[in-house]
Amino acid sequence: MHLSHQARKHLKAQRGEDLISKMFPKHIADQLRQGRKPEPENRDMVTIFFSDIVGFTDLSSRLPAEKVSDMLDRLYLRFDALADKHDVFKIETIGDAFIGVTNLVKDQDDHVKRIAEFAIDCIEAARQTQICLDDPSMGHVIIRVGLHSGPVIASVVGS
């Protein structure tokens, strides 16, 4: 399939729009699209979820990069679905770390309960995720989770 220069340009712009919409709350994405730098926002109370994979450094040294990437993809697709289910806003994944938050993008009176249930579901989802599909003897993913509640300043930093 051959796309014209204009069609490729439009497709690239659409992908950029989709990425902005996935990465930022709507009101922040709208400001970025308008070329404005969003002002930092204070929130008196949010709850943040942190997770990492037990033994990730060792796993990474024993598996080819493609297998590590595949494992993370399968795990984080499950986490993303759980974030949607529990209305947890995904902040970022950094290597084997997943960070999500409640009561930041919108008011959620039950933010602590919501993220605790999300954490329990993530622990179970990890237990069901094989480390390597080609080698079941490697077992399943085990994660550690941490939760923290408190005030934050939410801001877009850099460009």
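This text follows the structure it describes.
Residues numbered from 1 in each chain as written. Predicted model: local features only at pLDDT ≥ 70, side-chain atom pairs only at ≥ 80, totals over all residues. Heavy atoms only, no water.

Novice: What am I meant to see in the pattern of salt bridges here?
Specialist: Two side chains with opposite charge may pair up if their charged atoms get near one another. Following the criterion strictly, the structure yields eleven salt bridges and no others. Residues Lys 67 and Asp 134 are paired through a salt bridge, measuring 2.1 Å at the closest nitrogen-oxygen approach. Placement of Lys 67 in helix H4 (residues 65-86) and of Asp 134 in the loop between helix H5 (111-127) and strand E4 (143-154) is noted, with a sequence separation of 67 residues between them. On the basis of relative accessible area, Lys 67 is assigned to the partly exposed category, the value being 27%. Take Asp 134: its relative accessible area is 60%, and that puts it in the exposed class. (Salt bridge = Lys/Arg side-chain N within 4 Å of Asp/Glu carboxyl O. Helix = DSSP H or I, 4+ residues; strand = E, 2+ residues; numbered from the N terminus. Buried < 20%, exposed > 50% of the residue type's maximum accessible area, 1.4 Å probe, protein only.)

Novice: What's the story with the sheet that holds strand E2 (residues 89-94) in this structure? I'm lost.
Specialist: Picture the strands of a sheet paired through backbone hydrogen bonds; they go either parallel or antiparallel. The strand order across the open sheet built from four strands is E2-E3-E1-E4, with neighbouring strands paired in antiparallel fashion. Lying at the two open borders of the sheet, with one neighbouring strand each, are E2 and E4. Averaged over all adjacent pairs, the angle separating strand axes in this sheet is 20°, with direction ignored. Two elements, strand E1 (residues 41-53) and E4, share eleven bridges in a ladder whose sense is antiparallel. Its bridge partner being in E4, Glu 41 is matched across the sheet by Ala 154. Sheet contacts for H5: E1, strand E3 (97-102) and E4; angle to E1, the most-contacted strand, approximately 15°. (Pairing = 2+ DSSP bridges. Axes fitted to C-alpha atoms, helices over the stretch in contact; angles between N-to-C directions. Contact = heavy atoms within 4.5 Å.)

Novice: Can you help me understand the side chain of His 111 in this one?
Specialist: Residue position: His 111 is located in helix H5. The exposure class assigned to His 111 is buried, which follows from its relative accessible area of 9%. Residues in contact with His 111, not counting those within four places in the same chain, are Met 45, Val 46, Thr 47, Thr 102 and Asn 103.

Novice: I would appreciate a short explanation of the nonpolar core in the present structure.
Specialist: Side chains of a nonpolar character, in soluble globular proteins, are inclined to be buried together. Core analysis: the biggest nonpolar cluster contains 26 residues, and Ile 53, Met 71, Phe 79, Phe 118 and Val 141 have the highest contact counts within it. Mapped onto this core, the elements with two or more residues apiece are E1, helix H3 (56-62), H4 and H5. If one sorts the elements of this core by residue count, H4 sits on top with eight residues. Those residues in contact with Phe 79 that lie beyond four places of it in its chain are Ser 51, Phe 98, Phe 118, Cys 122, Ala 125 and Ile 143. The next biggest cluster of nonpolar side chains, apart from the first, holds six residues, and it includes Ile 48, Phe 89, Ile 99 and Val 101. (Core = buried A, V, L, I, M, F, W, Y, C linked by side-chain atoms within 4.5 Å.)

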